2 protein chains.
Amino acid sequence: MRGTLYIMSGPSGTGKGTICRELVKTENMYLSVSSTTREKRAGETDGVTYNYTTDEHFEEMIKNGEMLEYARYDSHYYGTPRKHIEERLANGTDVMLEIEPQGAMQVKKIYPDAVMMFILPPSMWELKRRLSERGRESEEQIKERLKNARWEFSQAPYYNRIFINDDLHECVREIRRFIGETAQKRGFVEELLNEKY
Amino acid sequence: MRGTLYIMSGPSGTGKGTICRELVKTENMYLSVSSTTREKRAGETDGVTYNYTTDEHFEEMIKNGEMLEYARYDSHYYGTPRKHIEERLANGTDVMLEIEPQGAMQVKKIYPDAVMMFILPPSMWELKRRLSERGRESEEQIKERLKNARWEFSQAPYYNRIFINDDLHECVREIRRFIGETAQKRGFVEELLNEKY
């Protein structure tokens, strides 16, 4: 049986990165690594944080239809090579893609059976607090993040399931339950399709 | 807040009609009535089972883009007028559409936030038993129904949520829980969008 493609979205500061890393610890699941043309920052690892590549190579991949989805921010490309995903799904491994809503919609068109999950913060106030607390961005950048977050929230109804990350462990537990249930139901569909009658 | 559009699919004999009628008894929800050009049968009521109309009128509606989705079976048209749905959603009423997978995909393109539910039987063997028991179809027709059911099952992974109708009351309870949760999460998205921060 083919693997299931899971998509995880949610604004910066909702904790989706942490959630994804928690999930792949126990689920038999491959966490997809995006490709980017931006420079590697301190603390990042090639092949783990991102696969770092050149503009020329990235544009070559776009031209050859090798990108499942991609976007350009701040004069850099970010995207998901189709090959990494397709090989794993074909040999039965579940794949987790952590991407923003526009990319998610591109992927859903190619894989209509992808399971889309959206992470919400418990409130805008709390999201603002989390962004300020991590101290990575200026006041101005945080304002920009929050404006973008509002746009992302408006996309949540297009997802299969919405989760609220109030308590991290509770949220991960709920997502695990949902993934387990999805796997069970899809397995059951396979059984029905194989049943002699 | 706009109403939510729910789509219910599942092969003949899975009990989706009964489930929909049960759901609208307690949920504040409008069960959409399809239009058809086939003749009214004994026991059917105009405006309840279907809205009966002529080929000319139906084709006029298609031409004017008034059909949300439609299909032709056995030389008859079946479809959903867009107006009935849109008016209700706009004034905040949830709407339930009971349609087959091809129509469901047409609707999902127009309403990407529609919530798609699929009903499965506990087994092919049980589906066959149910179809035989209701005694409406010949052996040949039941074979045709089962063949079609298999095709429909293959579409289930494109839906938001799959339910197995083993015990009717348990299945309806599970769907009610799911609808309640969906409403709660969507309400929460609205709250976030309206929050001053």
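Residues numbered from 1 in each chain as written. Chains lettered and ligands numbered in written order. Predicted model: local features only at pLDDT ≥ 70, side-chain atom pairs only at ≥ 80, totals over all residues. Heavy atoms only, no water.

Undergrad: Run through the overall build of chain A, naming residues and quoting values.
TA: In terms of regular secondary structure, chain A is built from seven helices and nine strands. Its C-alpha atoms give chain A principal-axis dimensions of roughly 65 × 40 × 30 Å. When burial is assessed residue by residue, chain A has 48% of its 197 residues classed as buried. Summarising the internal contacts of chain A: among those between residues at least 6 apart in sequence, 66% fall at separations of at least 24. Looking at charge distribution, chain A has the averaged site of its 30 positive side-chain charges lying 2 Å from that of its 33 negative ones. (Helix = DSSP H or I, 4+ residues; strand = E, 2+ residues; numbered from the N terminus. Buried < 20%, exposed > 50% of the residue type's maximum accessible area, 1.4 Å probe, protein only. Contact = heavy atoms within 4.5 Å. Lys, Arg positive; Asp, Glu negative; His and termini not counted. Charge placed at Lys NZ, Arg CZ, Asp CG, Glu CD.)

Undergrad: Account for the pattern of salt bridges, naming residues and giving values.
TA: Residues and elements named next belong to chain A. Considering all chains together, one arrives at 24 salt bridges over all chains under this definition. For arginine 173, the salt bridge identified is with glutamate 170, shortest N-O distance 2.9 Å. With arginine 173 and glutamate 170 both in helix α7 (residues 168-194), this residue pair falls three residues apart, about one helical turn. By relative accessible area, glutamate 170 is classed as partly exposed at 33%. (Salt bridge = Lys/Arg side-chain N within 4 Å of Asp/Glu carboxyl O.)

Undergrad: Which residues make up the interface of chain A and chain B, and what are the values?
TA: Taken together, the contact between chain A and chain B spans 34 residues of the former and 34 residues of the latter. At the boundary of chain A with chain B, total buried surface from both sides reaches about 3,200 Å², with 64% on carbon and sulfur atoms. Our count for the contact surface shared by chain A and chain B stands at four salt bridges. As a salt-bridge pair, arginine 161 of chain B and glutamate 181 of chain A come within 3.3 Å of each other at their nearest N and O atoms. Taken together, chain A and chain B are joined by 12 residue pairs in polar contact (both at pLDDT 80 or more). Residue contributions to the side of chain A that touches chain B peak at nine residues, all from α7 of chain A. By residue class, the composition of the side of chain A that touches chain B is 20 nonpolar, four polar and 10 charged. (Buried area = accessible area lost by both parts, 1.4 Å probe. Polar contact = N/O pair within 3.5 Å; in protein donor to acceptor, adjacent residues only side chain to side chain. Nonpolar A, V, L, I, M, F, W, Y, C, P; charged D, E, K, R; others polar.)

Undergrad: Requested: an account of the sheet that holds strand β9 (residues 161-164) of chain B, with residues and values cited.
TA: All names here are of chain B. Pairing in this open sheet of five strands is parallel, and the strands run β2-β7-β1-β8-β9 from one edge to the other. Only two strands of the sheet have a single neighbouring strand rather than two, namely β2 (29-31) and β9. Strand-to-strand twist across the sheet, computed as the mean angle between neighbouring axes with direction ignored, equals 25 degrees. When strand β1 (residues 5-9) meets strand β7 (residues 94-98), the two strands line up parallel, connected through four bridges. (Pairing = 2+ DSSP bridges. Axes fitted to C-alpha atoms, helices over the stretch in contact; angles between N-to-C directions.)

Undergrad: I'd like a rundown of the side chain of lysine 16 of chain B, residues and numbers included.
TA: Residues and elements named next belong to chain B. In this structure, lysine 16 sits in helix α1 (residues 16-26). For lysine 16, the side chain forms a polar contact with the main-chain oxygen of glycine 10, separated by 2.8 Å. Those residues in contact with lysine 16, other than ones at most four positions away along the chain, are Met8, Ser9, Gly10, Pro11, Glu98 and Ile119.

Undergrad: I'd love a proper account of the environment of histidine 57 of chain A, names of residues and values included.
TA: With respect to the secondary-structure elements, histidine 57 of chain A resides in helix α2 (residues 55-63). Remark: the alpha-carbon pair of histidine 57 of chain A and threonine 37 of chain A, spanning 20 residues in sequence, is separated by 9.0 Å.

Undergrad: Could you give an account of the side chain of asparagine 160 of chain B, naming the residues involved and the relevant values?
TA: Considering the arrangement of structural elements, one finds asparagine 160 of chain B in the loop between α6 (139-153) and β9. Residues within four places of asparagine 160 of chain B in sequence aside, it is in contact with Tyr159 and Asn160 of chain A together with Lys108, Ala114, Val115 and Met116 of chain B.

Undergrad: Can you explain the relation of the copies chain A and chain B? Please cite residues and give values.
TA: Put simply, the two copies of the chain differ by a rotation about an axis and a shift along that axis. Expressed as a screw operation, the relation of chain A to chain B combines 0.0 Å of axial shift with a rotation of 180 degrees, fitting to an RMSD of 0.0 Å. In short, the pair behaves as if placed about a two-fold rotation axis. Within chain A, asparagine 160 of chain A has its C-alpha nearest the rotation axis, a separation of 2.6 Å. Of all interface residues in chain A, 100% are interface residues in chain B too; the two copies therefore contact each other through one and the same surface. (Least-squares fit on C-alpha atoms with pLDDT ≥ 70 in both.)

Undergrad: Mind laying out the pairing of strand β8 (residues 115-120) of chain A, listing which residues take part and the relevant values?
TA: Residue and element names in this part refer to chain A. In terms of burial, β8 is largely enclosed, as six of its six residues are buried. Here β8 shows two buried faces, one formed by Val115, Met117 and Ile119 and the other by Met116, Phe118 and Leu120. Sheet analysis places strand β1 (residues 5-9) next to β8, joined by four bridges and oriented parallel. Across the sheet, isoleucine 7 pairs through a bridge with methionine 116, a residue of β8.

Undergrad: Can you explain unusual backbone geometry? Please cite residues and give values.
TA: You will see that aspartate 74 of chain A, though not glycine, has its phi angle at about 45 degrees, which is positive. Among the secondary structure elements, aspartate 74 of chain A is positioned in the loop between β5 (67-73) and β6 (76-81). Although it is not a glycine, serine 75 of chain B sits at a positive phi angle of roughly 60 degrees. With respect to the helices, strands and loops of the structure, serine 75 of chain B is situated in the loop between β5 (67-73) and β6 (76-81). Residue classification places serine 75 of chain B among the exposed positions, given a relative accessible area of 52%.

Undergrad: Tell me about the sheet that holds β6 of chain A, residues and numbers included.
TA: All names here are of chain A. Here we have four strands laid out as an open sheet, ordered β4-β3-β6-β5, and mixed in their pairing. The sheet terminates laterally at β4 (51-52) and β5, the two strands that pair on one side only. Note that β5 and β6 share six bridges and pair antiparallel. Counted as the bridge partner of tyrosine 73 is histidine 76 from β6. Relative to the sheet, α2 contacts β3 (35-36), β5 and β6, its axis offset from that of β6 by approximately 45 degrees.

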